[in-house]
Amino acid sequence: MITMTLTELAQHQAQLAQGGQLGTSNVRTWLIDNVIPLVLLAVALLLLWLGGGKGDNAGVMRRLAGVVIALAIIGLAVSGAGVNVGQWIAGLFTG
């Protein structure tokens, strides 16, 4: 059995961080690849369950518009294009 003290573990992690091998890019990739599609599937099923069975198509469309806006915001945040959009909006006011 391999044992490490907390000090040795901290030193090992510090060495990894200095070498550039420790980061959050893999966590970000995993979230984008796995969590976001599951959340979208859950939202779609919830919309169908809430409005589809009752015939409230207008209510479903209102909720769907909110989901589309939220997806656009997530897309801007994930792609990094939010900076360009912000610069474009600022350019409208500053000339």
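## Digging into helix 3 (residues 57-79)
- Over its 23 residues, helix 3 extends 32 Å from the first C-alpha to the last, a length consistent with the 33 Å expected when each residue adds 1.5 Å.
- Phi turns positive, to about 85°, at Gly80, one or two residues after helix 3.

## As for a nonpolar patch on the surface
- Taken together, the side chains of Leu76, Val85, Trp88, Ile89, Leu92 and Phe93 define a hydrophobic patch exposed on the protein surface, amounting to about 640 Å² of accessible area.
- Per-element accounting of the nonpolar patch gives the leading share, five residues, to helix 4 (residues 82-94).
- Mapped onto the secondary structure, Trp88 falls in helix 4.
- Note on Trp88: relative accessible area 56%, which makes it exposed.

Parameters and conventions
Here the residue index of a chain counts from 1 through its sequence in written order. Given that the model is predicted, a residue must reach a pLDDT of at least 70 before its local features are reported, and side-chain atom pairs must reach 80 or more before they are shown or counted; all residues, however, enter totals for whole chains, interfaces and linings. Only heavy atoms go into the side-chain values, all of them from the structure, while hydrogens and water stay out. Helical segments are the DSSP runs of H or I of at least four residues, strand segments are the runs of E of at least two, and each set is numbered from the N terminus. Given a helix with a known number of residues, its expected span is that number minus one, times 1.5 Å. A patch consists of residues exposed above 30% relative accessible area that lack any salt bridge, with like charges linked at up to 9 Å and nonpolar side chains (Val, Leu, Ile, Met, Phe, Trp, Tyr) linked at up to 5 Å. What sets the accessible areas is the Shrake-Rupley method with a 1.4 Å probe; for residues, cover comes only from the shown protein chains. We count a salt bridge whenever a side-chain nitrogen from Lys or Arg sits within 4 Å of a carboxyl oxygen from Asp or Glu. Categorising residues by exposure relies on relative accessible area from a 1.4 Å probe, with only protein chains included: less than 20% of the type maximum marks a residue as buried, more than 50% marks it as exposed, and the intermediate range marks it as partly exposed.

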